[in-house]
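Analysis of the macromolecular model
Residue-level listing of the chains:
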Amino acid sequence: MTLDVRAQTVGEGGWVGISIPRVEDAALLAGRGRFIDDLGMPPGTLHAAILRSPHAHATIESIRTDAARAMPGVAAILTGTELRALTTSLVVGVKAPVECWPMAIDRVRYVGEPVAVAVATDRYLAEDALDAIEVSYAPLPAVVAPLDALRDGAPLLHEGFPGNIASDRSFSYGDPDGAFASAPHRIGVDVDYPRNACTPIETYGVVAEYDPALDAYDVLANFQGPFSIHAVIARALRVPGNRLRLRTPPDSGGSFGVKQGIFPYIVLIAVAARLAGRPVKWIEDRMEHLAGAVSATNRVTRLQAAVAEDGRILALDWDQIEDCGAHLRAPEPATLYRMHGNMTGAYAIRNLHIRNRVVVTNKLPTGLNRGFGGPQIYFPLERLISRIAATLGLDPLAVVRRNLVPADAFPYRTATGALLDSGDYRAALDVALRDGDHESLLARRAAARVEGRLYGIGYAAVVEPSVSNMGYITTVLTAAERRRAGPKNGAQATATITLDPVGSVSVHVASVPQGQGHRTVLSQVVADVFGLRPSDIRVVTELDTAKDAWSIASGNYASRFAPAVAGAAQIAATRLRERLARIAAAQLNARADELVFSAGKVFSPGNPGNAIPFTRLAATGHWAPATLPEEVEQSLRETVFWTPPQLDAPNDADEVNSSLCHGFIFDFCGVEVDRDTGEIRLDRYVTMHDCGRILHPGMVAGQITGGFAHALGAALLEEQSYAPDGSLLTGTLADYLIPTAREVPEPVILHYETPSPFTPLGAKGVGEGNTMSTPVCIANAVADALGLADIRLPLLPSRLSEALHGAEPQPPHHEARPPQATQGERTLFGRGRASVDATPEQLWAMLLDPALLARVVPGADNVRRESDTRFRAEVTLGIGPVRGRYRAEIALSDLDPPRAVTLSGSVDGALGFGRGRGRLRLVPVGQARTELTYDYEAAVGGKIASIGGRLLDGAARVVIGQFFESLAVQASGRRPSLWRRLLRLFRRRA
């Protein structure tokens, strides 16, 4: 992209609206970013490591920490007992008798839940201490799918959530029953929208310190907000808000929403610092992030529409079941209610019925994720549009056009209460089709189908909300409950402009960027107000709650920067400029309202030669405050707290304007599906955006492209997947697949601007839109290509194979079927054989000798005999990136000496648990040779089960091969090198 750079002067249009180089890039591209792990730490800082549950659901019977506490360098061990004594339960998002702690107290409810924290002089010693903590679990049945959680007899996660239902609310707007009764068609879709995670380059980071003299905490964390969570943290730590200082680093390596979910870890590390008596630092690793951060919700939706013959939608009936995971942490169930005002999307539909149920399951708790509730709404809604067109034999574009909100209706109040600020949706759609060359896609599809290729076109029209109303979440409460609690509403944005003694301008905002370019855009906005260059403006974005102006709405979320934060900065700068104009008017003998701020000077248009340098004028309040006009109290600083009046609290009819601004997006794309492999090739993707006034075209393009890449992953690759028993199947980036630059084509980006009348700059948000529109647009295209009525994300070739090739045949009866795993496990199985230079009697004697077993069991430090056929051992095993110390038990049963024996074993450690069982047969061959055959099955759970099938399957063969290699070596007395070929043989046959 070519950037429009203006070096010294700018024309009449100002700096806003042009793509100047980003201020942030000079440091970032040179590796001089200031991220949390780069910053200097307080003297004596300790380091924390977190022990996590390997079980999806289990009672904690005991935690033995004596050995860990006695290890050199270990300063403290924190368990649920200490945590409960020093903190209060986290706020739960609904009114229910349920406790929610940052770590397990007496029961674990998901794989990856913190169970203990080790604090030591370095991270390595802290990790070693985790190996020495012994936790005894009693596994419980787990429930993973939200529909299963609702079934009678399902495992209950919390007594305070009967039937695993945290909330069940129904809403009615207009006359949906009448519309359905009179409509000629009832058309619906059922959608099971999957979970997906955020994968920022930088994971969570916390540095916490406790001051016992003040009973106060000082925390540095790459938390993004909203800062309403500050109150949640302070409450949990049992201190007033003014004794919790929360700071953010200058830079954050991405978030996409996920760094809101760091707050339970802030509480955890703060308490660890209190116990240790020194500052404590914790930096999350990638596997912890995938297993223990937060993810987007998965949602089961049944959406029905009452439809006229021409495709007009007369009413909608939403039935939504939201899965928030094991705990309902603030602000959840916000994902379900963020879009409540926008349940009709871009369409003029006046009759709705909505039922919202929130359930808990044995999965990672959910939180903010780019799009935050939008993908879960627009996937069923836009699939419904496609289904209506297919059912009635209509052009999908005709159905879209027929239902769009008309241009003369803006500002348009939706049936559920949203106030759509501006737009001309049909005009934007027409421009997109024209400038995006829609006709060529139609021609490509026709030509491809003549040739027998699978080509489809998809469409999506969505409204992108931005600047969330802080009160929308209270829609989960009844009107009576809201009246008792008091009103909550608004979206307060904060900005401060400061002038120093040499007339320089500084800007500070209470928004924590994660790479968006706040400093660049704010410098443009303020430079335009003062007639300066962006390089003259210094922008500070890190936040310190002890010193800076902020409110509970502060933070970087809901695409609120351009419409709200930048707007607040403009208001603050404008107010300060008005004071400066009154000072200058007295000196220039001119009227304040006629003065011009331009090119670093202040002057009257009628006498431009009589000018005051801006720096001299700006410094007046420092050097000569007594000369200020009587009506100017001070001219050094202006702080603005701005909240738009359009964001009221929900009313008694449950109508809520859940967001201030509403951009419009219309996407269309062409895809081809490989008939043999099911691979999807994105041929062309066009995305049209009305995001109001564009402040920096280059960064808008970057936001759209980033959102498109994020959405492409959700459409084609990404799913946070759990086995039915609750074990995490996507615990590394080997199995949780994300797109790289190579897989992301460049979208065609178009714009149609209708400035918002509700924001100071006319801007709307643009950071999330394609995460809402792109997954369903691509799904509609694939459904068109394959003629599918139902389609599920992600669009993996394996999922499309049934549509392409029919159902996969069942394996023949003689093939071995995988055994069923139990709680929190992943099952592996295999078989092998080899010849050993030893008699069956020699091998049998070895299996009963602890000293020889110690040399045979891979990684064993020692083997202790518990009985004639039972042994205990300490073993160290590594699989891929996972290596840890385990406590092992080995048992021999079904003895048929010296012909056959069953070996059973179990291991348990900080990284997970496992069990195995194998039948070993010893058949003599000649006088001193034995043919050894074995069949085995093994199951693993916890962190080790998350490293992916490819690593686990290979690892099982390696570990079992090592056992039999060692057995053969010890029996024959030969050197291990002679048996390496035998090991390779085991690996190949297992």
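Our subject is the structure listed above.
A short tour of the structure in this document, coming up. Note that this is a predicted model, so its numbers are computed, not measured.

Turning to the environment of P250, a few remarks are in order. Residue position: P250 is located in the loop between β11 (244-247) and α8 (263-276). Taking the C-alpha atoms as reference points, P250 and E542, 292 residues apart in sequence, are found 5.0 Å from one another. Contact partners of P250, with chain neighbours within four places excluded, come to R34, L39, T541 and E542.

On to helix α7 (residues 228-237). The buried fraction of α7 is high, at 7 of 10 residues. Among the residues of α7, I229, H230, V232, I233, A234, A236 and L237 are the ones counted as buried. Close packing links the buried residues of α7 with α3 (80-86), β10 (216-221), β11 and α8.

Moving on, we get to the packing of aromatic side chains. Taken as a whole, this structure holds 14 aromatic pairs when the rule is applied. Judged by centre distance (6.1 Å) and plane angle (40°), the rings of F666 and F668 are tilted. Classification of F668 as buried rests on a relative accessible area of 0%. For the pair Y685 and F708, a centre-to-centre distance of 4.8 Å together with 50° between the ring planes defines the contact as tilted. Here Y685 is found in strand β27 (residues 680-690), whereas its partner F708 is found in helix α19 (residues 697-716), with 23 residues between them in sequence.

Geometry of a packed helix pair, given as the angle between the helix axes and the separation of the axes. It is at 10 Å that the axes of helix α17 (residues 561-588) and helix α18 (residues 614-623) come closest, and there the two elements cross at 105°. Classified by the angle their axes make, α17 and α18 are roughly perpendicular. Contact residues: α17 offers L580, I583, A584 and Q587, while α18 offers F614, L617, A618 and T620. Among the residues forming the contact of α17 with α18, the class breakdown is 6 nonpolar, 2 polar and no charged.

Gaps left between atoms show up when a probe the size of a water molecule is rolled over them. Under the definition given, this model contains 5 cavities of 30 Å³ or more. There is about 130 Å³ of room inside the second largest cavity. Along the wall of the second largest cavity there are 18 residues; nearest its centre are N196, A296, N369, R370 and P375. Counting only elements with at least two residues in the lining of the second largest cavity, the list comes to α11 (374-392), α19 and α20 (769-786). Element by element, the count of residues in the lining of the second largest cavity is highest for α19, at 3 residues. Broken down by class, the residue content of the lining of the second largest cavity amounts to 7 nonpolar, 10 polar and 1 charged.

Moving on to the sheet that holds strand β2 (residues 58-64). If you trace the 3 strands from one edge of the open sheet to the other, you get β4-β2-β6, paired in antiparallel fashion. Every other strand in the sheet has two partners, leaving β4 (107-108) and β6 (134-139) as the edge strands with one partner each.

Across the sheet, 7 strands lie side by side as β3-β5-β1-β12-β9-β10-β11; this open sheet has mixed pairing. A single partner strand is all that each edge strand has here, and the edge strands are β3 (74-79) and β11. The mean angle between the axes of side-by-side strands here comes to 20°, regardless of whether they run parallel or antiparallel. Direction of pairing for strand β9 (residues 205-211) relative to strand β12 (residues 280-283): antiparallel, over a ladder of 4 bridges. For G205, the partnering residue across the bridge sits in β12 and is I283. Together, β1 (46-52), β3, β5 (114-120) and β12 form the strand contacts of helix α4 (residues 123-132), whose direction differs from that of β1 by roughly 30°. Contacts from α7 reach β10 and β11, with the element oriented near 135° to β11.

Across the junction of G225 and P226, the peptide omega takes the value 5°, indicating a cis bond. The topology assignment puts P226 in the loop between β10 and α7. Omega for the peptide link from A330 to P331 comes to 5°, which places this bond in the cis form. Even without being a glycine, V467 presents a positive backbone phi close to 60°. With respect to the helices, strands and loops of the structure, V467 is situated in strand β18 (residues 454-468). Judged by its relative accessible area of 0%, V467 is buried. Even without a glycine there, the phi angle at S559 is positive, about 50°. Look at S559 and you get buried, because its relative accessible area is 16%.

A rise of 1.5 Å per residue sets the reference length of helix α16 (residues 518-530), with its 13 residues, at 18 Å; its end C-alpha atoms lie 18 Å apart and thus fit the reference within 8%. Counting buried residues along α16, 11 of its 13 residues qualify, which places the element largely inside the surrounding structure. Residues H518, T520, V521, L522, S523, Q524, V525, V526, A527, V529 and F530 constitute the buried set of α16. A positive backbone phi angle near 70° is found at G531, which sits one or two residues after α16.

The subject of this paragraph is the pairing of β10. With 5 of 6 residues buried, β10 lies mostly within the body of the structure. Judged from the 6 bridges that link them, β9 and β10 form a sheet pairing that is antiparallel. Within β10, the position partnered with Y210 by the bridge is Y217. Here β9 folds back onto β10, and the loop between the two strands holds 4 residues, one of which, D215, carries a positive phi near 50°. Taken together, β10, α7 and β11 constitute a β-α-β crossover, and its handedness is right-handed.

Now for the pattern of salt bridges. Within the structure shown, the criterion is met by 46 salt bridges. Between D25 and R22 there is a salt bridge; the shortest N-O distance is 2.8 Å. In this structure, D784 engages R445 in a salt bridge whose closest nitrogen and oxygen atoms are separated by 2.9 Å. Here D784 is found in helix α20, whereas its partner R445 is found in helix α14 (residues 438-450), with 339 residues between them in sequence. For D784, a relative accessible area of 25% translates into the label partly exposed. Look at the salt bridges and you will find they share partners, linking R444, E451, R453, E672, R681 and D683 into a network.

Now for the nonpolar core. Counting residues in each nonpolar core, the largest one holds 171 residues, and the members touching the most others are L316, F666, I778 and V782. A total of 11 residues in this core trace back to one element, the largest contributor, which is α8. Those residues in contact with L316, other than ones at most four positions away along the chain, are F180, L303, Q304, A305, M343, T344, I349, N351, L352, H353, L381 and L384. If you look at the next biggest cluster of nonpolar residues, it comprises 61 residues, including W15, V467, L522 and V525.

A word on the side chain of E113. Among the secondary structure elements, E113 is positioned in the loop between β4 and β5. No salt bridge is formed by the buried E113, whose closest oppositely charged neighbour, R109, lies at an N-O distance of 5.4 Å. Those residues within four positions of E113 in sequence are excluded, and the remaining contacts are L51, R52, S53, M103, A104, R107, V108 and H327.

About the criteria used
- The written sequence of each chain sets the order in which its residues are numbered from 1.
- Given that the model is predicted, a residue must reach a pLDDT of at least 70 before its local features are reported, and side-chain atom pairs must reach 80 or more before they are shown or counted; all residues, however, enter totals for whole chains, interfaces and linings.
- The side-chain figures draw on all heavy atoms in the structure; neither hydrogens nor water molecules are used.
- Only runs of H or I of at least four residues qualify as helices and only runs of E of at least two qualify as strands under DSSP, and these elements are numbered from the N terminus.
- A contact between two residues is defined here by any heavy atoms of the two lying within 4.5 Å.
- Working definition: with a 1.4 Å probe on protein chains only, accessible area under 20% of the residue-type maximum means buried, over 50% means exposed, and in between means partly exposed.
- Note on ring pairs: Phe, Tyr and Trp rings are taken, using the six-membered ring of Trp, and paired if centres are within 6.5 Å. Classes follow the plane angle, with under 30 degrees stacked, over 60 edge-to-face and the rest tilted.
- Axes, fitted as lines to C-alpha atoms, cover a helix only where it is in contact. Angles between the N-to-C directions of the axes lie from 0 to 180 degrees.
- By definition in this entry, angles of less than 35 degrees are roughly parallel, angles greater than 145 are roughly antiparallel, angles of 65 to 115 are roughly perpendicular, and the rest are oblique.
- Classification used: nonpolar for Ala, Val, Leu, Ile, Met, Phe, Trp, Tyr, Cys and Pro, charged for Asp, Glu, Lys and Arg, polar for all others including Gly.
- With a 1 Å grid laid over protein atoms only, a set of points is called a cavity when a 1.4 Å probe fits there but cannot get out and a pocket when it is open yet has protein on both sides within 12 Å along at least five of seven lines; lining residues have an atom within 4 Å of a point.
- Grid points are joined across faces, edges and corners, and a volume is the space filled by probe spheres set on the points.
- Two strands qualify as a pair provided that DSSP identifies no fewer than 2 bridges between them.
- The length a helix should cover is 1.5 Å for every residue beyond the first.
- Think of it like this: strands point away, you trace from the first strand over the helix to the second, and a clockwise trace means the crossover is right-handed.
- Salt-bridge detection follows one rule: a side-chain nitrogen of Lys or Arg within 4 Å of a carboxyl oxygen of Asp or Glu.
- The nonpolar core is taken to be a set of buried Ala, Val, Leu, Ile, Met, Phe, Trp, Tyr and Cys residues, with the residues joined through side-chain atoms within 4.5 Å.
- In this charge count, Lys and Arg are treated as positive and Asp and Glu as negative; neither His nor the chain ends contribute.

Distances and angles like these do not, on their own, reveal function.
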